[in-house]
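Structural overview for review
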Amino acid sequence: MFFYKLINHETIGKMGEESRDKMKKYFYLFNYPPEEHDLCTLEFKYLFHENYQQCFLTNKDIDVNTSVFIKGKIDIWAMDKDFENLKEEVQKQKHNYQEFKIIYLKNPISHPNYQETLDKCKEISWFIDGSVNMAKPLHTIALTKVNDLWVIGYYHHGVPSWKKYDDKPNTFSNSLDIRLARTLINIAGENDISKTIIDPCCGMGTVVLEGLALGYSIKGFDISRDISWKARCNLNHFGFDGMLITKDDINKHQGHYDVAIIDIPYNLYTPITYQEQCAIIQSARRLCDKLVLVSYEKMDQEIKEASFEIKKKDRTCKVRTLYLCMLLKRCMILCHTSFYISFAI
């Protein structure tokens with residue numbers, strides 16, 4: 001069962017009072033498995049730069065396929081408590097689409113009966129020019145009601161385009177899940193593709209693939225010649241530049257990046273000692289100001305000893321732990337809030 005996230009009641013009420021000129025432009029609908037609630041909330045914060053809201057209206061335009069948690073998005077044409085006013089506004093806008101259909105987008109806040117949703121969709125369809133194709137539409141218009149507010153606009157349904165990167169030529173069983181890899185990129189990049197990202201323990205290149213797919217400037221390397229070669233093959237397979245992944249050692253690598261994403265090796269495919277794990281974290285301090293660390297083991301103390309700060313901790317998992325860390329700088333006040341979240345994979 002998936003949980004759907006929509007706009008809180010208070011926000012809806014306020015939006016109903018605003019004029020159309022101040023009307024929000026986009027309506028987002030989220031869903032997630034229960035065990036990924038905290039991960040969804042964390043990604044939301046870094047994508048939209050706002051505290052998590054159960055239901056979300058915004059002027060921020062983010063592609064519906066950016067996040068694995070966005071089920072759908074409405075480019076809003078009109079919002080009104082009075083359905084007749086809504087119809088008049090749609091009529092004024094003179095929309096024209098060939099082969100369109102109108103759907104009622106269900107949400108957990110308001111539950112009009114099925115017949116009412118059919119009637120409302122039919123009523124408003126008369127104010128859209130073009131032709132209807134209910135079986136294979138080229139365009140979808142969504143109507144929904146949240147509390148007493150009707151919302152209508154062009155609908156974008158989330159398509160899991162990121163799934164294609166699961167079909168890599170080379171992989172191993174403990175690689176990061178593709179959904180998690182994309183989420184880590186969103187948390188690290190904060191929807192700012194000007195940021196530079198490094199994955200210094202890239203394995204088969206899953207995180208690098210997701211970063212490139214989202215348009216980020218990202219590189220990766222791995223200490224193993226065989227693994228880094230296979231990761232390059234994976235990038236080439238999907239049409240990316242394989243040389244963005246090289247064989248290198250994080251302890252010797254020169255360069256500085258905005259963010260590092262590290263799924264720390266844990267002595268399965270790559271033999272590693274505890275001291276070497278600590279050295280990786282210490283070296284990350286040299287490479288970046290922000291670190292996103294995934295670990296099978298609790299590493300709070302090791303992170304702090306590397307002069308990274310963890311400000312908030314939310315333990316909800318049994319297997320992997322995700323740390324978000326900011327580098328402490330002497331003689332400066334740290335203004336960023338950093339925390340980690342743990343979750344089950």
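Refer to the structure above for everything that follows.
Described in the following lines is the structure provided in the data block. Fair warning: this is a prediction, and the values are worked out from it, not measured in the lab.

Reading the values: the criteria
One numbering rule holds for all chains: residues counted from 1, following each sequence as written. Restriction of local features to residues with pLDDT of at least 70 applies here, the model being predicted, together with a cutoff of 80 or more for giving and counting side-chain atom pairs; totals for whole chains, interfaces and linings are based on all residues. Side-chain measures here rest on the full set of heavy atoms in the structure, leaving out hydrogens and waters. Centre distance within 6.5 Å is the pairing criterion for rings of Phe, Tyr and Trp, where only the six-membered ring of Trp is used; planes under 30 degrees apart are then read as stacked, over 60 as edge-to-face, and the remainder as tilted. Secondary structure elements are taken from DSSP: a helix is a run of H or I of four residues or more, a strand is a run of E of two residues or more, and numbering for both begins at the N terminus. Only lysine NZ and arginine CZ atoms are considered, and such an atom sits over a ring when it is within 6 Å of the ring centre and within 35 degrees of the ring normal. The buried label applies to any residue whose accessible area, calculated with a 1.4 Å probe on protein chains only, is under 20% of its type's maximum; exposed applies above 50%, and partly exposed to all values in between. For two strands to count as paired, DSSP must find a minimum of two bridges between them. With the strands aimed away from the viewer, a crossover counts as right-handed if its path from the first strand over the helix to the second runs clockwise. Among buried residues, the Ala, Val, Leu, Ile, Met, Phe, Trp, Tyr and Cys ones that are joined through side-chain atoms within 4.5 Å form a nonpolar core. Contacts were defined at the residue level, with two residues in contact if any of their heavy atoms lie within 4.5 Å. Note on definitions: angles span 0 to 180 degrees between N-to-C directions of axes, and those axes are lines fitted to C-alpha atoms, for helices only across the stretch in contact. By the definition used in this description, the sense in which the near helix is turned from the far one sets the handedness, with an anticlockwise turn below a right angle giving left-handed and a clockwise turn giving right-handed. Gly counts as polar in this scheme, as do all residues outside two lists: the nonpolar Ala, Val, Leu, Ile, Met, Phe, Trp, Tyr, Cys and Pro, and the charged Asp, Glu, Lys and Arg. Given the number of residues in a helix, its expected span is that number minus one, multiplied by 1.5 Å. Directions are taken from the helix axis to each C-beta atom, and the arc is the one they span. N or O atoms closer than or at 3.5 Å make up a polar contact, with two conditions inside protein: a donor-capable atom paired with an acceptor-capable one, and, for residues adjacent in sequence, both atoms drawn from side chains.

**Re the packing of aromatic side chains**
According to the stated counting rule, one finds 14 aromatic pairs in the structure shown. Relative to Phe-238, the ring of Tyr-165 has its centre 4.9 Å away and its plane inclined at 75 degrees; by these criteria the two rings are edge-to-face. Note that Tyr-165 is positioned in the loop between strand S8 (149-157) and helix H5 (178-189) and Phe-238 in the loop between helix H7 (225-237) and strand S11 (245-247), a separation of 73 residues in sequence. The rings of Tyr-28, Phe-30, Phe-44, Phe-48, Tyr-52 and Phe-56 are connected pair by pair, giving a single aromatic cluster. The ring centre of Tyr-26 lies 4.8 Å from the NZ or CZ of Lys-73, which sits over that ring. Note that Lys-120 overlies the ring of Phe-83, its terminal NZ or CZ placed 4.4 Å from the centroid.

**Comments concerning the environment of Tyr-296**
The residue Tyr-296 is located in the loop between strand S13 (288-295) and helix H9 (300-305) in this model. Given the relative accessible area of 35%, Tyr-296 is considered partly exposed. Measuring from C-alpha to C-alpha, the distance between Tyr-296 and Leu-322 comes to 9.0 Å, with 26 residues separating the pair along the chain.

**A short note on the pairing of strand S9 (residues 196-199)**
In this structure, S9 lies alongside strand S10 (residues 217-222), joined through 4 bridges in parallel fashion. In the strand pairing of S10, Asp-199 is matched with Gly-220. Viewed along the sheet, the connection from S9 through helix H6 (residues 206-213) into S10 turns out right-handed. Judged from the 2 bridges that link them, S9 and strand S12 (residues 257-263) form a sheet pairing that is parallel. Each residue of the ladder has a partner; that of Ile-198, found in S12, is Ala-260.

**Things to note about the nonpolar core**
Among the nonpolar cores identified, the biggest contains 45 residues, and Tyr-28, Phe-30, Phe-48, Leu-184, Ile-185, Ile-261 and Leu-322 are the most heavily contacted of them. Only strand S2 (26-32), helix H2 (37-48), H5, H6, H7, S12, S13 and strand S16 (320-327) provide two or more residues apiece to this core. Those residues within four positions of Ile-261 in sequence are excluded, and the remaining contacts are Leu-184, Ile-185, Ala-188, Ile-197, Ile-198, Asp-199, Pro-200, Val-207 and Val-292. Counting 24 residues, the second-largest nonpolar core is a separate cluster that includes Ile-198, Ile-262, Ile-281 and Ile-310.

**So, the packing of helix H3 (residues 83-93) against helix H4 (residues 114-125)**
The description of two helices packed together rests on the angle between their axes and the distance between the axes. Contact geometry of H3 with H4 gives a least axis separation of 10 Å together with a crossing angle of 35 degrees. Where H3 crosses over H4, the handedness of that crossing is right-handed. The segment H3 lies against H4, with Phe-83, Glu-84, Leu-86, Lys-87 and Val-90 engaging Lys-120, Glu-123 and Ile-124. Grouping the amino acids of the contact of H3 with H4 by side-chain chemistry returns 4 nonpolar, no polar and 4 charged.

**Let's talk about the packing of H2 against H5**
For the pair H2 and H5, the least separation of the axes is 8 Å and the interaxial angle reads 35 degrees. Of the two possible hands of crossing, H2 and H5 adopt the one that is left-handed. Along its contact with H2, which presents Leu-39, Leu-42, Glu-43, Tyr-46 and Leu-47, the element H5 presents Leu-180, Thr-183, Asn-186 and Ile-187. Considering only residue class, the contact of H2 with H5 consists of 6 nonpolar, 2 polar and 1 charged.

**Thoughts on unusual backbone geometry**
Of note in the backbone geometry, Glu-190 takes a positive phi value of approximately 55 degrees without being a glycine. Examined against the element boundaries, Glu-190 turns out to sit in the loop between H5 and S9. Residue Asn-191 is not a glycine yet carries a positive backbone phi of 65 degrees. A residue is classified by how much of its surface remains accessible, and Asn-191, at 33% relative accessible area, is partly exposed.

**Focus on H2**
Over its 12 residues, H2 extends 16 Å from the first C-alpha to the last, a length consistent with the 16 Å expected when each residue adds 1.5 Å. With 9 of 12 residues buried, H2 is to be regarded as a mostly interior element. Every buried residue of H2 is listed here: Asp-38, Leu-39, Cys-40, Leu-42, Glu-43, Phe-44, Tyr-46, Leu-47 and Phe-48. Just downstream of H2 lies His-49, where phi reads positive at about 55 degrees.

**Observations concerning H4**
In an α-helix, one full turn covers 3.6 residues, which means residues spaced three or four apart are oriented alike. In this model, H4 (12 residues) spans 17 Å end to end at C-alpha, consistent with the 16 Å of a helix rising 1.5 Å per residue. Residues Thr-117, Lys-120, Cys-121 and Ile-124 constitute the buried set of H4. For H4, the angular spread of buried residues about the axis comes to 100 degrees, placing them on one side. Elements that come into contact with the buried residues of H4 comprise H3, strand S5 (96-104), strand S7 (139-146) and S8. The residue sitting at the N-terminus of H4 and contributing the capping side-chain oxygen is Asn-113; that oxygen lies 3.2 Å from the backbone nitrogen of Gln-115.

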